[in-house]
Amino acid sequence: MKVLMKGNEAVAEAAIRAGCRHYFAYPITPQSELIEYMAKMMPKVGGTFVQAESEIAAINMVYGAAGCGKRAMTSSSSPGISLKQEGISYCSGAELPCVVVNVQRGGPGLGDIQPAQGDYFQATKGGGHGDYRIIVLAPASVQEFADMAAQAFDLADKYRNPVMILSDGMLGQMMEPVEFAEPATEDDLERLDKQHWDWCMHPNQDEPNHHHHEINSLEIDPVVLEQHVIALGKKFDRMEAAEKSWEEYNLAPDNEILCVAFGTASRIVKSAIDDLKEEGVNIGLIRPINVWPYPSEAIAAALTDKTKLVYTFELSLGQMVEDVRLAVNGKAPVEFYGKVGGIVFTPEEVKDKLKLALKV
Amino acid sequence: MKYEMICSGFGGQGALTVGKFLALAGMNEGKHVSWLPSYGPEMRGGTANVSTVISDRPVASPLVTTPDILVALNQPSLDKFGPDVREGGLIIANSDLCPGGFEREGVDIVFLPMNTIAKECGSIKVTNMVSIGALLSRSDVVKIESVKNALQELLAEKKPALLEANFKAIDEGLARGKA
Amino acid sequence: MQVIATRPKSLTDVGFTYCPGCLHGVAHRLIAEAMDELGMRNQTMGIAPVGCSVFAYKFFNCDMAEAAHGRAPAVATGMKRARPDMHVFTYQGDGDLAAIGTAEIVHAANRGEHFSVFFVNNAIYGMTGGQMAPTTLPAMKTSTSPYGRDVDDIGYPIAVCEMLNSLKAPYFIERVSLLSPQDILKARKAVMKAMRYNKEERGFTFVELISTCPTNWGLDPLKSCEWARENMLPYFPIGNFRDKGAEGGDK
């Protein structure tokens, strides 16, 4: 059954259904409906909700709960996500599975509270310190936002690494029909709890079955740390090989322009493409669904000898366009158009840009 | 068919709810819908507004810039969004709170004293429902039954008394809009 | 042959990495003995801080987490909420708890989280090489207060027990010292009590242990204890601040 729901609430409901029983966060616009939904629902499912004293505390509470092998999540919007970067680095270093939701707003600094995509660099290129990577899922609809909750937890558990859902104020605030998966059963929760018992903190026994599990990102001996980071690197390579995901929209061999856009921006671009199609102009779009690892091969494969231009649209000064350039690798010119400050471009603006490029 | 709408008014007038019930009705008719509110400090100010799209096809951009339909519950909303309405579009405006009026060629403009009608129906709270009735008297964006069913689902248990007033307001808007 | 003393089961056989004369080993032992005596080891998780005792995760023979600097009370909150059937303690120094982690300790205490905090106060940053701590005494020289702590410029030392005692939720707050065998026996009782309350799920328990840093103070271990007794105890008086479990309720 479909229900009409805000993205912020839908992702919270979906996380609970995916077996998340530990959620820690701090209020910030435009993600506050998420924390409010969790505050209301967690007690009803026997889960934990703590309104932390800061985003830093919240991600460290996640570190603690994830260290106990539980599905733990936190969420925030851009300025709060900056504060969480320390904890995300520690979680990756200690190989803890967890989910972080970013409902992006305009920056830098306090910025504003309208939708933006200016955290792309922070999300996909690190954000915290040290050599680490996280899988970043970028939804473009409320349904996808919700579906990504379970997906993010599965990926986090699979790789023992944080996973981020990179959303924005528009997807958080808007309502669309959404259909949910069946909620996790008691058996599912039991299975989820036990899946990490070979390394996580859990009730102990006396010798000879005593365990001493350490949740830790510190290794003072550089020779040992080197091996740890190399092993992490191999894990990141496995993620990169297996977890690319993208949508192809209106791709055709005669496309003269290939658009690349993710999340909210991709929806506006789709509207422009639809309108131009009615006018007899065929333009294709690649929408990266996972923005790390990046679907470079898909972009390269979409280029034909007809491709005159690759046009990147983002709600930023141009961040993902660097990855597009790497993917295109000089085979076609790469153009960029963006809006900043929480302003979202309109389909008309995108259409005008595309028409100008096509000289029609 | 695709309808793009903006519903706008003072915070508390229920403009966002107008969009919500239209979207709910559309969803229950099996259509693709989206509901994108303005948010933040604006909520408390002059033009709390929502973009609603109801379409036979998946909704690409949920952001409405040239609406087919504008519901303006106050003057600032009318002034802000009236000029953007698509040629041949529809404007439903609350004359009780639009003393300045609005003139434009090429669009269908319906002025109704919604506050007054709402009070006649039993509660000032149903002002927004008058606008839905008026809208549906001029447009087949969704069926009137779908809106009423959505209302029934939401209010039948919690506020049955208010349900009556809501229905009455929709019917009154429908009748007066046609006139 | 009769065994009269043995290593607590709650300590691993990894050798301590502390300087000669350092009292961290004593504090570790007190906590481990409490875990042994109360039969808590298999249901207990600990958290090591950043500071000299950063390797505490290797020393306690139970599941352990290493927290980011100052974040131990937040990590402990997550752990306790995730495994409410287990017991949690943090072990933190003065820089960790009273500077970078001030927000975390105050709010964990204020929520009345069900875990124990062992706070080792030696008025200096040890691991980073003797810099000024939030508990460094007025006029005390450190590598970052080379002319002595100027209270007009950088403020007075923070008395953490007194600060936390202004909150309603904490169940047990006590300051003890490790400066003499007699003091250690008293400290043992406080640690034991905190861990017993922890086991009994009474609420937030906090023990501050006044300690020394012979290496960075530039004094031998015994002189360090004398110095601390003369200089630290007047500013950080030992005693119980709160014991909701004592007869008659709050004390």
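A short tour of the structure in this document, coming up. This structure is a prediction, so every number in the text was calculated from the model and none was measured.

### Focus: the interface of chain C and chain A
Residue-level contacts link 35 residues of chain C with 37 residues of chain A. Of all residues in chain C, Asn42(C), Asp63(C) and Arg83(C) give up the largest surface area on contact with chain A, accounting jointly for 22% of the area buried on that side. Linking Asp206(A) and Lys9(C) is a salt bridge whose minimum nitrogen-to-oxygen distance equals 3.6 Å. Linking chain C with chain A are 23 residue pairs in polar contact (both at pLDDT 80 or more), by the criterion used here. Mapped onto the side of chain C that touches chain A, the elements with two or more residues apiece are α2 (56-59), β2 (63-66), α3 (72-82) and α5 (102-111) of chain C. With seven residues, the top contributor of residues to the side of chain C that touches chain A is α3(C). Each residue belonging to the side of chain C that touches chain A can be placed in one class, and the counts come to 16 nonpolar, eight polar and eleven charged. Relative to β2(C), strand β9 (residues 214-215) of chain A runs parallel, the two sharing two bridges. Within β2(C), the position partnered with Glu214(A) by the bridge is Met64(C).

### Things to note about the packing of aromatic side chains
Two aromatic rings are characterised by how far apart their centres lie and by the angle between their planes. As enumerated under the stated definition, the model contains 20 aromatic pairs over all chains in all. A centroid spacing of 6.2 Å and a plane angle of 70 degrees characterise the contact between Phe313(A) and Tyr337(A), whose relative ring orientation is edge-to-face. Highlighted residues: Phe313(A) in strand β14 (residues 309-314) and Tyr337(A) in strand β15 (residues 334-338), separated in sequence by 24 residues. The same class applies to Phe313(A) as to Tyr337(A), namely buried. Ring geometry for Phe16(C) and Tyr18(C): centres 5.7 Å apart, planes at 55 degrees, overall tilted. Overall, the relative accessible area of 15% leaves Tyr18(C) in the buried class. By the ring-pair criterion, three or more aromatic residues cluster together here, those being Tyr311(A), Phe313(A), Tyr337(A) and Phe345(A). Looking at Arg160(A), its charged tip hangs above the ring of Trp199(A), at a distance of 3.9 Å from the centre.

### A word on the pattern of salt bridges
Here the idea is simple: oppositely charged side chains can pair when their charged atoms come close. Under the definition given, this model contains 49 salt bridges over all chains. Close ionic contact of Lys351(A) with Asp275(A) constitutes a salt bridge, the shortest N to O distance being 3.9 Å. One end of the pair, Lys351(A), is in helix α13 (residues 347-358); the other, Asp275(A), is in helix α10 (residues 263-278), and 76 residues separate them in sequence. Counted as one network, the salt bridges with shared partners bring together Glu53(A), Arg81(C), Arg111(C) and Glu113(C).

How each quantity is defined
- Residues numbered from 1 in each chain as written.
- Chains lettered and ligands numbered in written order.
- Predicted model: local features only at pLDDT ≥ 70, side-chain atom pairs only at ≥ 80, totals over all residues.
- Heavy atoms only, no water.
- Contact = heavy atoms within 4.5 Å.
- Buried area = accessible area lost by both parts, 1.4 Å probe.
- Salt bridge = Lys/Arg side-chain N within 4 Å of Asp/Glu carboxyl O.
- Polar contact = N/O pair within 3.5 Å; in protein donor to acceptor, adjacent residues only side chain to side chain.
- Helix = DSSP H or I, 4+ residues; strand = E, 2+ residues; numbered from the N terminus.
- Nonpolar A, V, L, I, M, F, W, Y, C, P; charged D, E, K, R; others polar.
- Pairing = 2+ DSSP bridges.
- Phe/Tyr/Trp six-rings, centres within 6.5 Å; stacked < 30°, edge-to-face > 60°.
- Buried < 20%, exposed > 50% of the residue type's maximum accessible area, 1.4 Å probe, protein only.
- Lys NZ or Arg CZ within 6 Å of the ring centre and 35° of its normal.

Geometry only, nothing functional implied.
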